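Observations on the three-dimensional arrangement
Read off the chains here:
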Amino acid sequence: MTRGNHSNDTAPLMRIAPGEIHVWRARVSDFAPHARALESLLSQEEHTRANRYSTSQGCNAFIIRRSLRRLLLSSYLGVAPDALVFKDGPHGKPMLEARLNRKARLRFSTSSSGDQILMAFANDREVGVDIEVLRPVTWEQLAPWFLPEWMVTTLTKMNAQDRQNRFFRLWSRMEACVKTSGNGITAKLGTDQAIPPWCAPSAPHEWGMEVRDLHVSPECRAAIAASGSDWHIRMFRIPRTIAYPPERPTRVIAAHN
Amino acid sequence: MAAEQVRERVKEVVARVLEVDPAAVTDDSNFIFDLGASSMKSLLLVGAFEEEFDIKMDEDRALEVQTVSDACNFIAEYLPTPQ
C-alpha cells in the first residue's frame, strides 16, 4: 500500500557496497515546511506519538525524523515508505519487521539533537550513531554514569570550553557504542573498565565493535560505532527534494557532503 | 510525605529537568514519548529525583521508570511511610 505521492516503484534501489556504512545528515528546519505532507507516511502508532508532544515544534520534528527514516529505508529496501513496519528490540532499539528486510541484512540507527539529524545504514553489521549539539550541561552529574574515575578527573582539570567539547565527544561515542550493542544505558556503564572504547577508541577492548568520530559541523559532536572494524563511511546529505510531492524524485538522490 | 505532595514535587522536577511546560506534565505522561526525554535527560532526571527527595535509588531500576505516576510510586518506596 502506498499513500500520497511517496511511491518508489521505478527508480533503482540504493546499494550499500561491502564494507560501507552510509551516513545521512539533515536539518529539521530544512523540512519543516513539509511536515504536514510527510505526516501521511507515518503509521497510526507514530501519529499517536506525534500528537502526544506538548509543542507543535516537537510534534513536527518527530514527524520529520520518522518520515525521513521511512523514505531512506524505502530507498534501500524497495518497499513503500508507508508500508514499513517497525518493532522494538529488547532495550527499545528499533528494528524492521523481518518480512520487510530481506535476508535481515539492513541495519540502521538514527539520532537527533537540536536541529540536526543523523541516520546510519549498514548491511550485515550492527550500527549505532549519535549526534549532540554543544550546549551547557551539568557534566559532573552525568560523567560518573559512563566514565572511569581517571577520565572524570581529566575533565575536571580542563577549562570550561575544552571540557564541554571533550564531554560531548565522549558522550556521543558512548551513545554510538550503546546503540550498536542494543543493550541500553545502565548504571555505571563502563566505569568498571580501565579504558572503555569511548575513552580510547584505538585501545583494545571487548565490545566487538569500533567507534569513530564524525565531523558534521563545528557546533556538534557526533560518532558512529559498528561491529567489526572492516568498514568505512560514506557521508550524504538528505536532499530537500525527498519531501516534495508530487514532483520530487521517486528515489533518494544522494548529495555528497 | 503525603502521596499528593510527592506527586507535585515529581512534576516540578520533571518540568524543570525536561524543560517542558509544567501544565504538560500529567500523571500519565511518558518521559520519552510524551515529554521528549533523551537518554541524557533521563540520567539527569534520576539525579534530580535523588536530590529533590534526598534519597539514593537503584539506578538501573530508576532508568526503567517511564511515567510520572510510576516515578511517584518508585520514589515512595524510598520515603518514610506517612503516619
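A quick note: this is a predicted structure, and the numbers were derived from the prediction, not measured.

**Observations regarding the overall build of chain A**
- The secondary structure content of chain A amounts to seven helices and 10 strands.
- Each of the 257 residues in chain A was classed as buried or not, and the buried ones make up 48%.
- For chain A, contacts bridging at least 24 residues in sequence account for 64% of all contacts bridging at least 6.
- As displayed, chain A offers around 11,700 Å² of accessible surface, 51% of which is attributable to carbon and sulfur atoms.

**Remarks on the interface of chain A and chain B**
- Listed as interface residues are 19 residues of chain A and, on the opposing side, 14 residues of chain B.
- Here chain A meets chain B over a buried area of about 1,500 Å², counting both sides, of which 61% is carbon and sulfur.
- When the area that chain A buries against chain B is broken down by residue, the three leading residues are Arg49(A), Arg52(A) and Trp145(A), summing to 35%.
- In this assembly, chain A and chain B are joined by zero salt bridges.
- In this assembly, chain A and chain B are joined by one residue pair in polar contact (both at pLDDT 80 or more).

**Thoughts on the pairing of strand E8 (residues 220-227) of chain A**
Residue and element names in this part refer to chain A.
- The buried fraction of E8 amounts to seven of the eight residues, a majority that puts the element mostly inside the structure.
- Sheet topology note: the strand E7 (residues 209-214)/E8 ladder contains six bridges and is antiparallel. Bridge assignment links Met209 to a residue of E8, and that residue is Ser227.

**Looking at the pairing of strand E4 (residues 106-113) of chain A**
Residues and elements named next belong to chain A.
- Pairing analysis gives eight bridges linking E4 to strand E5 (residues 116-123), with the strands arranged antiparallel. Following the sheet pairing, Ser111 is matched in E5 by Leu118.
- Once E4 ends, the chain turns through two residues before running back antiparallel as E5, passing Gly114 with a positive phi of about 55°.

**Let's talk about the sheet that holds strand E6 (residues 127-133) of chain A**
All names here are of chain A.
- In spatial order, the strands read E6-E8-E7; together these three strands make up an open sheet with antiparallel pairing. The open sheet has two free edges, formed respectively by E6 and E7, since each of these has just one partner strand. Across the sheet, the mean angle separating the axes of adjacent strands is 15° when strand polarity is ignored.
- One ladder, built from seven bridges, connects E6 with E8; its direction is antiparallel. Bridging from a neighbouring strand, Ile131 pairs with Ala222 of E8.
- Contacts from helix H7 (residues 160-181) reach E6, E7 and E8 within the one sheet, and its direction differs from that of E6 by about 155°.

**Description of the environment of Asp130(A)**
All names here are of chain A.
- Checked against the element boundaries, Asp130 lands in strand E6.
- In this structure the C-alpha to C-alpha distance between Asp130 and Ser113, which are 17 residues apart in sequence, comes to 8.7 Å.
- When sequence neighbours within four positions are dropped, the list of residues in contact with Asp130 reads Ser111, Leu118, Trp171, Ser172, Glu175, Ala176, Lys179, Arg221, Ala222 and Ala223.
- Looking at Asp130, its side chain comes within polar contact range of the side chain of Ser111, at 3.3 Å.

**Regarding the confidence of the model for chain B**
Residue and element names in this part refer to chain B.
- Averaged over every residue, the pLDDT of chain B is 91; residues scoring 70 or more account for 98%.
- Within chain B, the element-level pLDDT minimum falls on helix H3 (residues 59-64), averaging 89, and the maximum on helix H4 (residues 68-76), averaging 96.
- Our summary of model confidence lists the complex with pTM equal to 0.87 and ipTM equal to 0.80.

**What to know about the environment of Arg240(A)**
Residues and elements named next belong to chain A.
- With respect to the helices and strands, Arg240 occurs in the loop between strand E9 (232-237) and strand E10 (255-256).
- Judged by relative accessible area, Arg240 falls into the partly exposed class, the value being 44%.
- Separated by 213 residues in sequence, Arg240 and Arg27 place their C-alpha atoms 9.6 Å apart.
- Beyond its immediate sequence surroundings of up to four residues, Arg240 is in contact with Asp30 and Phe31.

How each quantity is defined
- Residues numbered from 1 in each chain as written.
- Chains lettered and ligands numbered in written order.
- Predicted model: local features only at pLDDT ≥ 70, side-chain atom pairs only at ≥ 80, totals over all residues.
- Heavy atoms only, no water.
- Helix = DSSP H or I, 4+ residues; strand = E, 2+ residues; numbered from the N terminus.
- Buried < 20%, exposed > 50% of the residue type's maximum accessible area, 1.4 Å probe, protein only.
- Contact = heavy atoms within 4.5 Å.
- Areas by Shrake-Rupley, 256 points an atom, 1.4 Å probe, with all protein chains shown as cover.
- Buried area = accessible area lost by both parts, 1.4 Å probe.
- Salt bridge = Lys/Arg side-chain N within 4 Å of Asp/Glu carboxyl O.
- Polar contact = N/O pair within 3.5 Å; in protein donor to acceptor, adjacent residues only side chain to side chain.
- Pairing = 2+ DSSP bridges.
- Axes fitted to C-alpha atoms, helices over the stretch in contact; angles between N-to-C directions.
- pLDDT = per-residue confidence, 0-100.

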